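This is what each chain is made of:
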Amino acid sequence: MPSLFLKDEAVEKAPVIVGFEVIRYIRSSSEGRVSIFDLVDRFKREKWFTFNSLMYGLTFLYAVGLLDFEEPYLVALDAN
């Protein structure tokens, strides 16, 4: 996995920033979970959106314990 911040990469594509946008969107839903398809549909027009950016952001959230997967849903977890 690349570094969290690279000097030659746009900051809005960094896994931490993408992860923040994703978790904010998931937590804003009424159920605290969203379909992966809805997530991609929501962000596909964003300037930062690429498959790699999204996957690194999701991997970051999963690694720090803020996201879990219940196919086909992404579930926001509470930080302990």
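Refer to the structure presented above.
The rules behind the values
- Residues numbered from 1 in each chain as written.
- Predicted model: local features only at pLDDT ≥ 70, side-chain atom pairs only at ≥ 80, totals over all residues.
- Heavy atoms only, no water.
- Helix = DSSP H or I, 4+ residues; strand = E, 2+ residues; numbered from the N terminus.
- Contact = heavy atoms within 4.5 Å.
- Polar contact = N/O pair within 3.5 Å; in protein donor to acceptor, adjacent residues only side chain to side chain.
- Core = buried A, V, L, I, M, F, W, Y, C linked by side-chain atoms within 4.5 Å.
- Buried < 20%, exposed > 50% of the residue type's maximum accessible area, 1.4 Å probe, protein only.
- Axes fitted to C-alpha atoms, helices over the stretch in contact; angles between N-to-C directions.
- Parallel < 35°, antiparallel > 145°, perpendicular 65-115°, else oblique.
- Left-handed = near helix turned anticlockwise from the far one by under 90°.
- Nonpolar A, V, L, I, M, F, W, Y, C, P; charged D, E, K, R; others polar.

Now for the environment of Ser35. As for its placement among the helices and strands, Ser35 is situated in strand β1 (residues 33-35). Between the C-alpha atom of Ser35 and that of Val75, which follows or precedes it by 40 residues, the distance is 8.9 Å. Not counting residues within four places of it along the chain, the set of residues in contact with Ser35 comprises Pro72 and Tyr73. In terms of polar contacts, Ser35 uses its side chain to reach the backbone amide nitrogen of Phe37, at 3.1 Å.

What follows covers the nonpolar core. Counting 15 residues, the largest nonpolar core has Val22, Ile26, Leu39 and Leu58 as the members making the most contacts within it. Breaking this core down by element, the ones donating at least two residues are α1 (15-28), α2 (36-43), α3 (51-63) and β3 (73-76).

The next point concerns the packing of α1 against α2. Contact geometry of α1 with α2 gives a least axis separation of 11 Å together with a crossing angle of 120 degrees. The angle between α1 and α2 places the two elements in the oblique class. Where α1 crosses over α2, the two elements pack in a sense that is right-handed. Side by side, α1 and α2 meet where Glu21, Val22 and Tyr25 of the first sit next to Asp38, Leu39, Arg42 and Phe43 of the second. Considering only residue class, the contact of α1 with α2 consists of 4 nonpolar, no polar and 3 charged.

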